[in-house]
Amino acid sequence: MTHFDVIIIGAGAAGLMCAIQAGQRGRSVLVLEKSNKAGRKILISGGGRCNFTNLYTEPDCYLSHNPHFCKSALSRYTQWDFIGLVEKHGLSWTEKTLGQLFCDQKAGAIVDMLLAECREADVKVELNSEVDTITKHSNETTDDASQQFTIITQERVYTANSLVIASGGPSIPKMGATDFGLRVAKQFNLNTYPFTAALVPFTFPEKELELLFRELSGTAVDVILTVNNTSFKEAILFTHRGLSGPATLQISSYWRLGDSISVNLLPEHNAEDWLMDQQVEHPNAELKTLLARALPKRLAARLCELFIASKPMKQYTPNELQTIATQLSEWELKPHGTEGMRTAEVALGGVDCNELSSKTMESKKISHLYFIGESVDVTGHLGGYNFQWAWASGWCAGQYV
Ligand code: FDA
């Protein structure tokens, strides 16, 4: 059989969820996947344990040129729906931090669960099938909805009434990830936003790497990181290439080339009050000793070697303490770039949401053409939000294809 009611390009999170829903509705469904495994990004996600959703999923955890677009899908297929599916399959989960749910049985169990649901819904998944060419027939004026699209892989030619683009984003190109979704959208004259790396570590000029980052490589510290009026309170991690850790990945989605980031190294305190308290309580102690109680020792020592002149607390004037407070709570770092798609967890950009129905994910201009998951201009924060978008957008399209 080479004709299907629905063909879905991409057996990732969004594509498999869409396939399950469409199959359950009795549609004949084929999923075409270029790689030799389904759900490869699921398999490597969450350090192998798949952070599959977040208890606190809300639309404001997503970036998009149209921040309202994701609301409908997220409210119709919620984190609780996916948790229900996981539990129906006898899988258990653990909340690590900040509502992030990880699968106790490892990421492979999530892929197995989705493939089991596909089998039950009579969905055909064809691996090693990269789609090269898509054409749409111009018989829309007739009532005959059959054979709307022709889809060509290296091996075969297929036809389908509905076509769903679930080809993800270009992060981790060594896995074969590309901007295929954007190319399809452009082919049909849909507006798109270029993909750019998000949830990605920062890089710094060689001089700073030498001076600061390599010395501190492996040091993690809880901070508040701020850029362009957006802040995240989580850990940063110094590495030999620059800055990583959850707060860094989060803020990278809001950072633009040329921006400085502001680091508050004392997130639990008002820095000036804390310094004045230390002066009263420990007048003879050196600042670097006291800083080493609030910060990792190596970081406290390096800050005092490079930026802050350490002396006994009683010797500081109020003005000096104020300056140090600013250095500690508004430490400016200027990345010169990011590690790019090579290590990015996701990509900002994608098909312009205004081209799609937020209810069905169908193109407003090209009937029966759908875009879901990361190919759409909706990008979540770190912490399970991107999978929740993939499940929700896939579920919505699956109700209508
Ligand atoms: P996804 O990329 O999953 O699937 C697209 C599929 O389409 C791929 O299998 C690809 O091979 C296939 N394809 C592409 N072009 C094709 C073509 N022309 N023909 C046929 N097939 C084609 N998110 C989260 O919420 N929690 C987490 O723990 C993590 N962890 C994580 C770790 C790492 C290392 C990365 C890189 C990413 C994450 N993510 C994450 C992000 C998450 O993986 C991502 O948001 C989803 O996988 C997106 O789902 P999609 O189905 O849209 O694309």
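Source: prediction; values computed, not measured. (Residues numbered from 1 in each chain as written. Predicted model: local features only at pLDDT ≥ 70, side-chain atom pairs only at ≥ 80, totals over all residues. Heavy atoms only, no water.)

Engineer: Which residues make up the environment of Ser375, and what values go with them?
Structural biologist: Looking at the element boundaries, Ser375 is found in the loop between strand S20 (369–371) and strand S21 (379–380). Remark: the alpha-carbon pair of Ser375 and Glu330, spanning 45 residues in sequence, is separated by 36 Å. Look past the residues within four positions of Ser375 in its chain and what remains in contact with it is Ile165, Gly168, Gly181, Phe195, Gly350 and Val351. Among the polar contacts listed, one links the side chain of Ser375 to the backbone oxygen of Ile372, at a separation of 2.9 Å. (Helix = DSSP H or I, 4+ residues; strand = E, 2+ residues; numbered from the N terminus. Contact = heavy atoms within 4.5 Å. Polar contact = N/O pair within 3.5 Å; in protein donor to acceptor, adjacent residues only side chain to side chain.)

Engineer: For the pairing of strand S6 (residues 100–103), give the residues involved together with the corresponding values.
Structural biologist: Residue alternation in S6 divides its side chains into two sets, Gln100 and Phe102 and Leu101 and Cys103, and both sets are buried. In terms of strand pairing, strand S3 (residues 51–54) meets S6 through three bridges, oriented antiparallel. In the sheet register, Thr53 faces S6, and the bridge partner there is Leu101. Taking the residues that link successive antiparallel strands as the turn, the strand S5 (residues 93–95)-S6 hairpin has four residues, and the phi of Leu98 there is positive, at about 50°. (Buried < 20%, exposed > 50% of the residue type's maximum accessible area, 1.4 Å probe, protein only. Pairing = 2+ DSSP bridges.)

Engineer: Tell me about the site of the ligand, and name the residues and values.
Structural biologist: Taken together, the neighbourhood of the ligand is formed by 31 residues, with Ala14, Glu33, Asn51, Glu374 and Phe387 sitting nearest. Residue Ala13 places a main-chain N or O atom 3.1 Å away from an oxygen atom belonging to the ligand. Lys34 places a main-chain nitrogen or oxygen 3.0 Å from a nitrogen atom of the ligand. Expressed as a share of its isolated accessible area of 1000 Å², the protein-covered part of the ligand is 93%. Here the shell around the ligand takes four residues from helix H13 (residues 385–398), the largest share from any one element. Across the shell around the ligand, the residue classes break down as 14 nonpolar, eleven polar and six charged. (Near = heavy atom within 4 Å. Areas by Shrake-Rupley, 256 points an atom, 1.4 Å probe, with all protein chains shown as cover. Nonpolar A, V, L, I, M, F, W, Y, C, P; charged D, E, K, R; others polar.)

Engineer: Which residues make up the layout of surface pockets, and what values go with them?
Structural biologist: Of the voids in this model, the second largest pocket is the one considered here, and its volume is about 290 Å³. Thr196, Ala197, Trp255, Arg256 and Leu348 are the residues nearest the centre of the second largest pocket, which is lined by 16 residues in total. Elements supplying a minimum of two residues to the lining of the second largest pocket: strand S11 (192–198) and strand S19 (346–351). When residues of the lining of the second largest pocket are assigned to their parent elements, the largest contribution, four residues, is made by S11. Its residues assigned to classes, the lining of the second largest pocket shows seven nonpolar, seven polar and two charged. Both of domain 1 (2–197 + 344–398) and domain 2 (202–338) provide at least three residues apiece to the lining of the second largest pocket. (1 Å grid on protein atoms, 1.4 Å probe; cavity = no way out; pocket = protein on both sides within 12 Å on 5 of 7 lines; lining within 4 Å. Points joined across faces, edges and corners; volume = space filled by probe spheres on them. Domains from an automatic or database assignment.)

Engineer: How would you sum up the sheet that holds strand S15 (residues 242–244)? Please name residues and give values.
Structural biologist: Strand order in the open sheet formed by seven strands is S17-S16-S13-S14-S15-S12-S18, and the pairing between neighbours is antiparallel. Of all strands in the sheet, those bounded by a partner on one side alone are strand S17 (331–333) and strand S18 (337–338). Pairing between strand S13 (residues 220–227) and strand S14 (residues 230–238): eight bridges, direction antiparallel. Of the residues in S14, the one forming a bridge with Val223 is Glu234.

Engineer: Quick one: what's the story with unusual backbone geometry, residue by residue and with numbers?
Structural biologist: The phi angle at Leu98 is positive, at roughly 50°, despite the residue not being glycine. Of note, Leu98 is situated in the loop between S5 and S6. Taking the relative accessible area as the measure of exposure, Leu98 reaches 45% and is therefore partly exposed. Of note in this structure, Asn128 is not a glycine but carries a positive phi near 55°.

Engineer: Explain the packing of aromatic side chains to me, using residue names and the numbers behind them.
Structural biologist: Applying the stated rule across the entire model yields 13 aromatic pairs. Considering the side-chain rings of Phe82 and Trp391, the 4.1 Å spacing of their centres and the 5° angle between planes classify their relative orientation as stacked. Taken as a pair, Phe82 in helix H4 (residues 79–88) and Trp391 in helix H13 lie far apart in primary sequence, 309 residues in all. Seen from their ring centres, Phe387 and Trp391 are 5.5 Å apart, and the 20° between their planes marks the pair as stacked. (Phe/Tyr/Trp six-rings, centres within 6.5 Å; stacked < 30°, edge-to-face > 60°.)

Engineer: Tell me what's going on with the domain arrangement of the protein chain, and back it up with residues and numbers.
Structural biologist: Structurally, the protein chain comprises domain 1 (2–197 + 344–398) and domain 2 (202–338). Its C-alpha centre places domain 1 at a distance of 40 Å from the equivalent point of domain 2. Contact with domain 1, which involves six residues of that partner, is made by nine residues of domain 2. Carbon and sulfur atoms make up 59% of the area that domain 1 and domain 2 hide from each other, which totals about 680 Å². (Buried area = accessible area lost by both parts, 1.4 Å probe.)

Engineer: Describe the side chain of Asp377, listing the residues and the values that go with them.
Structural biologist: For Asp377, the location among the structural elements is in the loop between S20 and S21. At 9.0 Å, Arg256 is the nearest oppositely charged side chain to Asp377, a buried residue that forms no salt bridge. Setting aside chain neighbours within four positions, we find Asp377 in contact with Leu63, Ser64, His65, Tyr193, Gly349, Gly350, Val351 and Cys353. (Lys, Arg positive; Asp, Glu negative; His and termini not counted. Salt bridge = Lys/Arg side-chain N within 4 Å of Asp/Glu carboxyl O.)

Engineer: Which residues make up the sheet that holds S3, and what are the values?
Structural biologist: Pairing is antiparallel in the open sheet, where three strands are placed in the order S3-S6-S5. Of all the strands in the sheet, just S3 and S5 have a single pairing partner and so form its edges. Each neighbouring strand pair of the sheet contributes to a mean axis angle of 30°, computed without reference to strand direction. Taken together, the three bridges between S5 and S6 define a ladder with antiparallel strand orientation. Along S6, the bridge assignment pairs Trp93 with Cys103. (Axes fitted to C-alpha atoms, helices over the stretch in contact; angles between N-to-C directions.)

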